[in-house]
Structure formats: C-alpha cells, structure tokens
Amino acid sequence: MTMTEEEALTEAERCLRCGICSECLECLVACDRGSIDHDMQDKMLDLTVGAIVLATGFKDFDPARIPN
C-alpha cells in the first residue's frame, strides 16, 4: 500500500530534522507510529544472490548489448 503525495508530504512535515542525534529522544515523542528504535544495532549481512537489479528510473537499459 502506498501513500498519496499529500500523505507523504504530511508525514515529511513531522520530521524534526535533528541532523546528528543529540539523544534527546524527542523523536520518540514525535513519531506516533513507533518507527524509531534507538537500541537498534548495526548488522553486517553476507548474502549470496543470483542477480542484483538496479532500478534508477532514469532510462530503460537493453541488456542484449552486453556480451554473456
């Protein structure tokens, strides 16, 4: 399910624009959806994948011009 442009702009207005976190935790108060987790830790994942798809939305790319 996606948001309309108006909904996205409304959600973006809620951003506190803190920049570097000063750990005041006001973002937790401002985000009523509970999307912020200050206890989350960085993770490194090593994944084996069959393909990587880059979808920039800029131009269509014809893969036939690349040799196998």
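Here the structure is shown first, and the text comes after it.
Sequence order sets the numbering: in each chain, residues are counted from 1 along the sequence as written. With pLDDT at 70 or above as the cut-off, local features in this predicted model cover only qualifying residues; side-chain atom pairs require 80 or more to be listed or tallied, and sums for whole chains, interfaces and linings still use all residues. In computing side-chain properties, one takes all heavy atoms of the structure into account and sets aside hydrogens as well as water.

## Focus on the overall build of the chain
Turning to step 1, where the next piece is worked out: By the criteria applied, helices consist of DSSP H or I runs no shorter than four residues and strands consist of E runs no shorter than two, each listed in order from the N terminus. Scanning the chain from N- to C-terminus turns up two helices and zero strands.
Turning to step 2, where the next piece is worked out: A compact globule built from 68 residues would reach a C-alpha radius of gyration of about 11 Å, whereas the chain, at 19 Å, exceeds it by more than 25%.
Turning to step 3, where the next piece is worked out: Along the three orthogonal principal directions, the C-alpha set of the chain runs to about 55 × 35 × 25 Å.
Turning to step 4, where the next piece is worked out: Counting every position in the chain, which comprises 68 residues, the buried fraction comes to 3%.
Turning to step 5, where the next piece is worked out: For the chain, the exposed area adds up to about 7400 Å²; of that, 55% sits on carbon and sulfur atoms.
Turning to step 6, where the next piece is worked out: The average position of the 6 basic charges and that of the 14 acidic charges among the side chains of the chain differ by 7 Å. In this description the radius of gyration comes from C-alpha coordinates, and the expected globular size is given by 2.2 Å times residues to the power 0.38. Each residue's exposure class comes from its accessible area (1.4 Å probe, protein chains only) as a fraction of the maximum for that residue type: buried when under 20%, exposed when over 50%, partly exposed otherwise. In short, Shrake-Rupley with a 1.4 Å probe defines the accessible areas, and a residue's cover is counted only from the protein chains shown. Charged residues are defined narrowly, with Lys and Arg counted positive, Asp and Glu counted negative, and His plus the chain ends left uncounted. All charge positions are set by atom: Lys at NZ, Arg at CZ, Asp at CG, Glu at CD.

## Some words on the layout of surface pockets
Turning to step 1, where the next piece is worked out: The volume enclosed by the largest pocket comes to roughly 170 Å³.
Turning to step 2, where the next piece is worked out: When the residues that make up the lining of the largest pocket are grouped by side-chain class, the tally is seven nonpolar, no polar and three charged. A 1.4 Å probe that fits but cannot get out identifies a cavity on a 1 Å grid over protein atoms alone, an open set with protein on both sides within 12 Å along at least five of seven lines counts as a pocket, and a residue lines either if it has an atom within 4 Å of a point. Grid points are joined across faces, edges and corners, and a volume is the space filled by probe spheres set on the points. In this classification, the charged set is Asp, Glu, Lys and Arg, the nonpolar set is Ala, Val, Leu, Ile, Met, Phe, Trp, Tyr, Cys and Pro, and all remaining amino acids, among them Gly, are polar.

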